[in-house]
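Structural features, examined
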Amino acid sequence: GKFGAVNAEAWYAQVHETDASAMAVLASAKAGSVTVSAHHADLDLGDNSENTNTQLAVSGKAGNISYTAAYATTGTASGDVTVDGDTDSKLIFAGEILSTKTADLDAMVLSIGAKVSSAVSVGLLHISGEVADTVDVDETKLSVGYKMSKNFKVSGWYATGDNGTDQEKSRIEVKYTF
């Protein structure tokens, strides 16, 4: 519901004849082009594991540039609070090496994107934090997209990071839709 400038949602579900349940509380407020949001979700599969994901974020848009700065913390078992592993959930910040589905994570997430022209977009994502208060983790991802026509797009990204092991990943995608 809406309470003045604040939009709020609360969800609870219990799976019939099991001990499994899920709950989520989300709140956001917008002032001009800036949105401040807080999310907390908990998934209990009946096995006493701690699957939680809590986030505080500030996001917005200035001209053709969009940005997000967020803090996320996850449960000791997992930060995945989706039953089906949905990576597009509002509660997941996902890079290519790290995501807020990682167990026992405390992290800062910074992202910025820009539409350079009607055909070109670029983005930068950085996740930095630690897992289990002992392992420093980070990822930086650069992405670029070029829309050649209404149906034809070329995009690519390069990510480098450390989640206990140094990693580099990249991808180029050529996509035509009918």
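Please refer to the structure higher up on the page.
Residues numbered from 1 in each chain as written. Predicted model: local features only at pLDDT ≥ 70, side-chain atom pairs only at ≥ 80, totals over all residues. Heavy atoms only, no water.

**Considerations on the nonpolar core**
The biggest cluster of nonpolar side chains holds 14 residues, and the ones touching the most others in it are Ala70, Leu98, Leu105, Val109, Ile127 and Val137. Apart from the residues lying within four places of it in its own chain, the contact partners of isoleucine 127 are Gly95, Leu98, Ala107, Met108, Val109, Val137, Asp138 and Glu139. (Core = buried A, V, L, I, M, F, W, Y, C linked by side-chain atoms within 4.5 Å. Buried < 20%, exposed > 50% of the residue type's maximum accessible area, 1.4 Å probe, protein only. Contact = heavy atoms within 4.5 Å.)

**Overview of the packing of aromatic side chains**
Inspection of every chain in the model, using the stated rule, returns two aromatic pairs. Both rings, one in tyrosine 176 and one in phenylalanine 178, keep their centres 5.0 Å apart while their planes meet at 75 degrees; by these two values the pair is edge-to-face. With a relative accessible area of 46%, tyrosine 176 lands in the partly exposed category. Cluster of aromatic residues (ring-pair linked, three or more members): Phe152, Tyr176 and Phe178. (Phe/Tyr/Trp six-rings, centres within 6.5 Å; stacked < 30°, edge-to-face > 60°.)

**Topic: the sheet that holds strand E10 (residues 152-162)**
Read from one edge to the other, the open sheet built from eleven strands follows the order E1-E2-E3-E4-E5-E6-E7-E8-E9-E10-E11, with strand pairing classed as antiparallel. The outermost strands of the open sheet, each flanked by one partner alone, are strand E1 (2-3) and strand E11 (166-176). (Pairing = 2+ DSSP bridges. Helix = DSSP H or I, 4+ residues; strand = E, 2+ residues; numbered from the N terminus.)

**As for the pairing of E11**
In terms of strand pairing, E10 meets E11 through eleven bridges, oriented antiparallel. When the sheet's bridge partners are listed, phenylalanine 152 is paired in E11 with tyrosine 176. Hairpin geometry of E10 and E11 is characterised by an intervening segment of three residues between the two adjacent antiparallel strands and by a positive phi of about 110 degrees at glycine 164.

**Observations concerning the environment of alanine 31**
Here alanine 31 is to be found in strand E3 (residues 21-31). When the C-alpha positions of alanine 31 and alanine 70 are compared, they lie 17 Å apart, and in sequence the two are 39 residues distant.

**Overview of the side chain of glutamate 139**
Position of glutamate 139 among the secondary structure elements: in strand E9 (residues 135-147). We note that glutamate 139 is buried and unpaired, the nearest opposite charge coming from lysine 141 at a distance of 6.1 Å. Contact partners of glutamate 139, with chain neighbours within four places excluded, come to Gly95, Glu96, Ile97, Leu98, Leu125, His126, Ile127, Ala159, Thr160 and Gly161. (Lys, Arg positive; Asp, Glu negative; His and termini not counted. Salt bridge = Lys/Arg side-chain N within 4 Å of Asp/Glu carboxyl O.)

**With respect to the pairing of E9**
As paired elements, strand E8 (residues 120-131) and E9 share twelve bridges and run antiparallel to each other. Directly across from leucine 125, in E9, lies its bridge partner lysine 141. Between the antiparallel neighbours E8 and E9 lie three residues, among them alanine 132 with a positive phi of about 55 degrees. Hairpin connection of E9 to E10: four residues between the antiparallel strands.

**Things to note about the pattern of salt bridges**
Under the defined criterion, the tally for this structure stands at two salt bridges. For glutamate 96, the salt bridge is made with lysine 141, and the minimal N-O distance between the two is 2.8 Å. Here the residue glutamate 96 occupies a position in the loop between strand E6 (65-74) and strand E7 (105-115), and lysine 141 occupies one in strand E9, the gap between them amounting to 45 residues. Glutamate 96 sits in the partly exposed class, given a relative accessible area of 28%. Of the charged contacts, one joins glutamate 173 and arginine 171 as a salt bridge, the two residues approaching to 2.8 Å between their closest N and O atoms. Arginine 171 sits in the partly exposed class, given a relative accessible area of 45%.

**Notes on the environment of glycine 145**
Structurally, glycine 145 can be placed in strand E9. Classification of glycine 145 by relative accessible area gives buried; the value is 6%. Distance from glycine 145 to glutamate 17, taken between C-alpha atoms, is 47 Å for residues 128 residues apart in sequence. Dropping the residues within four chain positions of it, glycine 145 is found in contact with Ala119, Val120, Ser121, Lys153, Val154 and Ser155.

**As for the side chain of serine 37**
Within the secondary structure, serine 37 sits in strand E4 (residues 34-44). Non-local contacts of serine 37, meaning those with residues more than four positions away in its chain, are made with Ala27, Ser28, Gln55, Leu56 and Ala57.

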